[in-house]
Amino acid sequence: MEGEDAPLLRNPEEGEEGEGEEGEGDEEEEEMAAGGGQTIINVVPGGEGSENFKKCDQVAFYRRQTQGPTLQHHLLLLDTVELTHEGARFEVLETTKQVRLLLCVSACESGVVRIVLDELRPVKPRYRVPDVLTGEPQCEQLRVLERSADSLSLTWGAGLHRVRAWHSPLRLEVQSGDHVLATFNAAGRLWLEAMQEPPSDCHSSETPEDDSGSWKETFRQFTDLKANGPSSIGADLRLHGYSHAYGLPEHADGLLLEDTRAGEPYRLYNLDVFAYAVHSRRGLYGSVPLLVAHGPRGTLGVFWMNASESYVHLTYSRSDQRSEPSPPAESGRAPPHTDVHWLSESGVVDCMLLLGPSPRQLFSQYAQLTGFPALPPLFALGYHQSRWNYEDEADARAVDAGFDRHRLPYDVLWLDIEHTRGKRYFTWDPARFPDPPGLQRHLEERGRKLVVISDPHIKVDPDWSIYRDAKGGGHFVKDRNGEDYRGSCWPGECCYLDYSRPATRAWYSRLFALDKYTGSTPSLFVWNDMNEPSVFGGPEQTMPKDAVHAGKWEHRELHNLYGFYQHKATVEGLLSRSGGLERPFVLSRSFFAGSQRLGAVWTGDNVASWEYLQISIPMLLSLSVAGLPFCGADVGGFDQDPEPELLVRWYQAGALQPFFRGHSSKWTRRREPWLFGDEVTAAVRRAVQQRYSLLPCWYTVFHQAHTAGLPPLRPLWVEFPKEPTTFAVDNEYMIGEALLACPVTEPGAKEVKVLLPGSSEIWYDVHSAKAYRGGQTLRLPVSLDTVPVFQRGGTAVARTTGCGSCTAEYQQLPLSLTLALNSEGGAGGELYLDDGHSFLHRDAKAFRLRRFSLASGRLSCRGGEEGEDGEYDCDHLIQTLVILGMKSRVGSVTVHVPGREDVAAAFLFEEPLQTVTVQELSLKVATDWDVQIGEQLSQLSRSAPPVRR
């Protein structure tokens with residue numbers, strides 16, 4: 001440990017200083033549980049562990065649907081069909097209780113089939129999820145293709161796809177050509193409990209609970225009174241030809257979803273689960289009800305748009321879905337299939353089938369429904385340094401100076417709850433942070449930003465203006481008796497803002513105005529935490545389901561939307577603050593479908609152990625597949641103290657993931673990267689500098705996410721969709737289409753196994769430039785300094801050259817371009833540039849999208865595909881070219897810029913590695929140019945200057 005920094009270390013047993021002017025002590029209890037050889041300190045009061053959270057058999061609506069006594073039986077009344085501009089409408093008869101339902105089937109122009117089922121004449125309207133779709137999808141006109149006594153076939157457009165509707169039992173087959181892709185209600189599990197008028201005594205707390213839990217349900221000491229009675233829904237689908245399924249975040253589990261017939265289903269219910277168990281299907285902080293099925297013949301998605309508590313059962317037709325079977329013609333067996341059973345507590349059946357058939361098409365279809373990911377400001381792709389909590393301004397400035405002193409680039413410093421006055425958000429502790437604008441200016445002068453936390457709970461304090469205004473404006477969630485709901489969180493007794501109410505979101509957004517948020521500046525950004533919402537001591541540590549939101553909707557209807565709505569209101573606040581000119585940055589712990597439009601998410605309160613590092617990779621891949629590309633995990637682990645090797649490996653992994661933040665609990669020892677000795681500091685520095693050198697690559701893949709829905713972090717099967725060997729891999733991944741990363745996640749590793757897919761591919765080790773053929777599993781030696789990263793043959797990757805202290809400085813540095821040749825001797829790729837912070841790329845085409853293409857020894861730089869290039873006037877220069885896999889000796893390199901004389905460039909050809917390096921160039925990225933690589937027929941010239949590595 002370097003002596004000059006040692007005073008920054010604190011012993012967690014010493015505790016923290018008291019609270020602000022009221023002298024409040026910290027509310028949190030310290031509940032101990034053994035784990036990993038260290039003590040886990042539970043920072044959530046009353047969070048005793050897994051018994052705090054329900055299993056599926058403790059949930060009444062789940063029992064009703066899965067334990068009988070009988071399934072519901074539905075008839076599709078074909079003679080009631082009505083074709084409209086929105087699709088086809090049918091009446092459905094549920095035969096047990098003679099309830100009439102309305103089924104709507106529509107085909108969206110983007111390649112989506114939507115199935116909606118509701119009561120035909122409900123006692124009261126059922127909840128339909130608002131604000132998640134970016135608008136009502138444009139529908140194709142359906143037409144009748146075939147009709148019989150038992151079925152009706154509909155098609156649209158060019159007739160490639162069809163929906164065949166069957167009378168008894170009701171089922172819908174979605175077909176592509178001669179293939180059935182999916183069958184809705186294949187197993188007859190369709191379920192919709194019709195609304196009822198409540199019995200006179202059903203809402204008394206004294207009324208005993210009936211076995212079905214229809215009107216009253218208890219869990220531990222909590223009673224849930226159901227104003228609308230039983231209203232659950234469910235449906236099953238068979239996905240034909242698929243034996244691999246992904247998505248359904250958030251769970252601390254593998255990328256490939258498991259068969260659930262022998263255990264718990266996947267739960268989608270947003271909860272504050274501190275130090276969550278790994279390899280579990282229990283719900284965590286966010287939910288995206290999108291399942292993606294993939295097989296050699298294509299990709300199919302199922303989006304179940306429901307925000308109430310939901311469960312998903314998954315059954316594969318073969319027990320071992322991890323290895324793709326032989327084709328049916330060879331094996332004599334039927335094609336595989338996957339059965340998916342969705343169950344939700346309330347709402348309507350609103351199920352969308354995304355027809356793909358490629359992964360890229362599916363990502364685009366989902367983005368067209370729920371929104372394309374926001375393009376983050378460039379600084380947000382740098383490294384973020386956080387802790388619960390930096391003590392005061394002096395501490396924050398010392399940490400900032402430490403990064404400069406140790407030549408560690410970073411962009412954002414974070415402040416947790418202790419920066420406030422008594423956990424009152426939008427305030428500052430006057431003793432600890434007497435000059436917040438001064439601190440922000442200090443960071444801004446260095447090109448850096450400050451992020452502060454803003455949770456959804458508001459301290460009950462009649463002397464605090466924000467509490468008074470919220471209460472007077474009717475902005476709080478109500479309890480079942482119509483009073484402001486009160487729960488407990490960090491400030492003690494709290495009320496919770498009702499973000500589902502547009503007026504409340506507008507009011508909350510105005511709190512971020514510079515003239516209202518005292519101490520804020522334009523360089524202050526926001527972190528939404530505890531927004532599941534977390535309620536200490538509440539049922540499952542969250543808000544009771546019978547709390548009431550605007551429109552008299554119970555919390556059960558929209559629970560999984562709560563964090564999404566706070567995230568939305570915060571983003572709108574920062575947009576308003578800048579007059580719509582600057583891109584906001586807001587991190588949220590809770591999320592839902594559509595959250596990708598708003599900003600970043602992370603995997604919550606993890607633990608400093610190797611198993612949490614390992615599980616973070618499939619967790620982030622699951623988020624990426626489900627449309628949330630700007631995601632990360634707390635580097636080093638939030639709770640417990642990482643050993644130095646683990647810390648280094650986590651920095652190396654985090655540097656190769658979208659959201660890169662180090663964060664830790666105040667109960668842990670300080671862990672700024674320079675506190676572990678020179679060797680650790682140097683290893684962390686290399687990892688962080690690698691991240692910053694790849695900023696042009698990261699920014700380009702985020703542009704692809706923003707415009708095409710393609711996730712920056714991609715499972716191998718996304719890039720190699722026909723290779724079954726990739727379908728279950730979740731310890732390595734692609735960054736865009738060019739880079740393959742395999743972070744080291746085992747202690748004491750001396751070598752790692754890396755699958756290099758594609759038998760026709762060439763892969764180049766980015767550290768050694770050594771080439772490897774694809775279609776093999778490589779055993780690669782590693783040291784603490786290295787993490788395996790390979791560049792795919794046929795691609796181009798831009799990097800910054802030199803060093804800086806933050807993204808603002810890296811933007812000024814020249815670029816190098818590495819072209820990795822494929823087996824045909826070609827390579828290509830894109831580079832996206834804009835100002836990194838405004839919306840001028842959108843509003844004034846102030847961007848550059850440049851395409852590099854190398855073929856037949858000629859490298860060209862041109863505008864993007866179809867001539868799509870903006871008008872951003874930038875001075876970015878390509879200073880160095882590196883070409884990997886050049887088999888012929890190079891005799892000359894000639895640079896051609898239109899309007900200028902051709903210039904011969906100095907180069908170095910390293911024959912053993914077949915690498916050409918051209919340095920001391922000055923090629924403007926925004927200008928068209930060409931570089932001709934000429935073969936040498938005589939002795940290789942060695943007059944070129946040596947390449948610096």
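Keep in mind that this is a model prediction, so the values were computed, not measured.

**What about the overall build of the protein?**
From N to C terminus, the protein includes 16 helices and 53 strands. Over its C-alpha atoms, taken along the principal directions, the protein stretches across nearly 95 × 75 × 50 Å. When burial is assessed residue by residue, the protein has 64% of its 949 residues classed as buried. Carbon and sulfur atoms form 49% of the exposed surface of the protein, whose accessible area is close to 33,800 Å². Taken as two groups, the 94 positive and 130 negative side-chain charges of the protein have centres that lie 4 Å from each other.

**Looking at the packing of helix α4 (residues 393-405) against helix α5 (residues 436-444)**
Running from amino to carboxyl end, α4 crosses α5 at an angle of 5°, the nearest separation of the two axes being 11 Å. Judged by the angle between their axes, α4 and α5 are roughly parallel. Side by side, α4 and α5 meet where Glu393, Ala396, Arg397 and Asp400 of the first sit next to Pro436, Gly438, Leu439, His442 and Leu443 of the second. Partitioned by chemical class, the residues of the contact of α4 with α5 number four nonpolar, two polar and three charged.

**Things to note about the pattern of salt bridges**
Scanning the model with the defined rule gives 55 salt bridges in all. Here Asp546 ties to Arg480 by a salt bridge, and the two come within 2.5 Å at their closest N and O atoms. One end of the pair, Asp546, is in the loop between β29 (524-528) and α8 (555-558); the other, Arg480, is in the loop between α6 (465-472) and β27 (486-489), and 66 residues separate them in sequence. For the salt bridge of Arg661 with Asp634, the shortest nitrogen-to-oxygen distance reads 2.8 Å. Taken together, the residues Arg661 in strand β33 (residues 660-662) and Asp634 in the loop between β32 (631-632) and α11 (644-654) connect sequence positions 27 residues apart. Asp634 matches Arg661 in its accessibility class, with the two residues each being buried. Through salt bridges that share partners, Asp224, Arg267, Glu309, Glu345, Glu540, Lys545, Glu554 and Arg556 make up one connected network.

**What about the sheet that holds strand β4 (residues 87-94)?**
Strands sit in the order β3-β4-β5-β6-β22-β19-β18-β16 across an open sheet of eight strands; the sheet is antiparallel. With partners counted over all chains shown, the strands left at the sheet margins are β3 (74-84) and β16 (244-247), one partner each. Strand after strand, the sheet turns through a mean of 20° between neighbouring axes, direction not considered. Where strand β18 (residues 290-295) meets strand β19 (residues 298-304), six bridges bridge the pair, whose relative direction is antiparallel. Pairing of Gly295 across the sheet is with Gly298, part of β19.

**A word on α11**
Spacing of three or four residues puts side chains on the same side of an α-helix, whose turn is 3.6 residues. The element α11 is extensively covered by neighbouring structure, given that nine of its eleven residues are classed as buried. Inspection of α11 places Leu646, Leu647, Val648, Arg649, Trp650, Tyr651, Gln652, Ala653 and Gly654 among the buried residues, and these make up the whole buried set. Packed against the buried residues of α11 are β23 (383-385), α10 (610-625), β33, α12 (678-693) and β35 (733-735).

**Regarding the nonpolar core**
In terms of nonpolar packing, the biggest core is built from 222 residues, with Leu103, Leu239, Leu291, Phe303, Trp342, Leu561 and Phe585 touching the most fellow members. When residues in this core are grouped by element, the largest group, ten residues, is from α10. Formed by 41 residues, the second largest nonpolar core is a distinct cluster that contains Ala798, Val897, Val916 and Leu921.

**Digging into the environment of Thr795**
Take Thr795: it is sitting in strand β42 (residues 795-800). Leave out the neighbours within four places in its chain, and Thr795 touches Glu737, Ala738, Thr818, Leu819, Ala820, Ala827 and Gly828. In terms of polar contacts, Thr795 uses its side chain to reach the backbone carbonyl oxygen of Arg792, at 2.6 Å.

**Regarding the packing of aromatic side chains**
Under the definition given, this model contains 46 aromatic pairs. These aromatic residues form a ring-pair network of at least three members: Phe379, Trp414, Phe525, Trp527, Phe585, Trp602, Phe630, Phe659 and Phe702. Sitting over the face of the ring of Tyr266, Arg281 holds its NZ or CZ atom 5.7 Å from the ring centroid.

**Describing the sheet that holds β32**
The parallel open sheet is built from eight strands, whose spatial order is β32-β31-β30-β29-β25-β24-β23-β33. If you trace the sheet from one side to the other, it starts and ends with β32 and β33, each paired once. As defined by bridge partners, strand β30 (residues 586-588) adjoins strand β31 (residues 600-602) across two bridges and the pair is classed as parallel. By the bridge assignment for β31, Ser588 is matched with Val601. Where α5 meets the sheet, it contacts β24 (412-415), β25 (449-453) and β29, and its direction lies at approximately 140° from that of β25. The strands that helix α9 (residues 562-577) touches are β29, β30 and β31; relative to β29, the one it contacts most, it runs at about 175°.

**Looking at the packing of α11 against α12**
α12 packs onto α11 with a crossing angle of 10° between their chain directions and a minimal axis gap of 8 Å. In terms of their interaxial angle, α11 and α12 are classed as roughly parallel. In this structure, α11 uses Pro644, Leu647, Val648, Tyr651, Gln652 and Gly654 to contact α12, whose residues at the interface are Val680, Ala683, Val684, Ala687, Val688 and Arg691. Here the residues of the contact of α11 with α12 sort into nine nonpolar, two polar and one charged.

**Examining the pairing of strand β51 (residues 915-918)**
Along β51, one buried face is formed by Thr915 and Thr917 and the opposite face, lined by Val916 and Val918, is buried too. Pairing of strand β47 (residues 877-884) with β51, which is carried by four bridges, proceeds in the antiparallel orientation. Along β51, the bridge assignment pairs Val882 with Thr917. Direction of pairing for strand β50 (residues 907-910) relative to β51: antiparallel, over a ladder of four bridges. Considered in β51, the bridge of Phe907 is made with Val918. Taking the residues between adjacent antiparallel strands as the criterion, β50 and β51 are bridged by four residues, where Gln914 takes a positive phi near 55°.

**Here we look at the side chain of Ser232**
Relative to the assigned elements, Ser232 resides in the loop between β14 (222-225) and β15 (233-240). Assessed through its relative accessible area of 0%, Ser232 is described here as buried. Polar side-chain contacts of Ser232 include one of 3.2 Å to the side chain of Gln65. Among the polar contacts made by the side chain of Ser232, one reaches the side chain of Trp191 at a distance of 3.1 Å. Look past the residues within four positions of Ser232 in its chain and what remains in contact with it is Phe61, Arg64, Gln65, Arg126, Trp191, Leu192, Glu193, Ser344, Glu345 and Ser346.

**Some details on the pairing of β16**
Burial of the side chains of β16 extends over both faces: His244 and Tyr246 are buried on one face and Ala245 and Gly247 on the other. Bridging between β16 and β18 involves four bridges; their strand directions are antiparallel. Bridge pairing in β18 links His244 to His294.

**Points about α5**
Along α5, the residues that are buried comprise Pro436, Gly438, Leu439, Gln440, His442 and Leu443. Each element contacted by the buried residues of α5 is listed here: α4, β24, β25 and β29.

**Focus: the environment of Phe363**
Within the secondary structure, Phe363 is located in helix α3 (residues 359-370). In this structure, Phe363 is in contact with Val625, Ala708, Gly709, Leu710, Pro711 and Val718, ignoring residues within four places of it in sequence.

**Remarks on the confidence of the model for the protein**
When pLDDT is averaged along the protein, the result is 92, and 91% of the positions lie at 70 or above. Across residues 1-37 the pLDDT falls below 50, and counting only partners more than four positions away or on other chains, this stretch makes 83 contacts in the model. A low-confidence stretch, residues 319-331 (pLDDT under 50), is modelled with 22 contacts involving residues beyond four sequence positions or located in other chains.

Thresholds, definitions, all that
Here, residues in each chain are numbered from 1, in the same order as that chain's written sequence. Where local features are concerned, this predicted model is filtered to residues with pLDDT of at least 70; where side-chain atom pairs are given and counted, the filter is 80 or more; whole-chain, interface and lining totals use all residues. Calculated side-chain values reflect all of the structure's heavy atoms, with hydrogen atoms and water omitted. Put simply, DSSP marks the helices as runs of H or I at least four residues long and the strands as runs of E at least two long, and each gets a number from the N terminus on. Throughout, exposure labels follow a simple rule: accessible area from a 1.4 Å probe, protein chains only, divided by the maximum for the residue type, with under 20% read as buried, over 50% as exposed, and the rest as partly exposed. Areas reported as accessible are Shrake-Rupley estimates using a 1.4 Å probe. Residue values count occlusion only from the protein chains shown. In summary, the charge assignment counts Lys and Arg as positive and Asp and Glu as negative, without counting His or the chain termini. To locate a charge, take atom NZ for lysine, CZ for arginine, CG for aspartate or CD for glutamate. A fitted line through C-alpha atoms represents every axis, and for helices the fit uses only the stretch in contact; the resulting angles, taken between N-to-C directions, go from 0 to 180 degrees. The labels follow the angle: roughly parallel below 35 degrees, roughly antiparallel above 145, roughly perpendicular from 65 to 115, and oblique for the rest. Any two residues having at least one pair of non-hydrogen atoms within 4.5 Å are treated as being in contact. Note that Gly is not counted as nonpolar here; it falls among the polar residues with everything else outside the nonpolar set of Ala, Val, Leu, Ile, Met, Phe, Trp, Tyr, Cys and Pro and the charged set of Asp, Glu, Lys and Arg. Whenever a carboxyl oxygen of Asp or Glu lies within 4 Å of a side-chain nitrogen of Lys or Arg, that contact is scored as a salt bridge. By this definition, two strands are paired if DSSP reports at least two bridges between them. By nonpolar core is meant a set of buried Ala, Val, Leu, Ile, Met, Phe, Trp, Tyr and Cys residues that side-chain atoms within 4.5 Å join together. Under this definition, polar contacts are N or O atom pairs within 3.5 Å; protein pairs additionally need one hydrogen-donor-capable and one acceptor-capable atom, and for neighbouring residues in sequence, both atoms have to be side-chain atoms. Between rings of Phe, Tyr and Trp, where Trp is taken as its six-membered ring, a pair exists when centres lie within 6.5 Å; planes separated by under 30 degrees are stacked, by over 60 edge-to-face, and by other angles tilted. Lysine and arginine charges are scored as sitting over a ring when NZ or CZ, respectively, is within 6 Å of the ring centre and within 35 degrees of the ring normal. A residue's pLDDT is simply how confident the predictor is in it, with values from 0 to 100.

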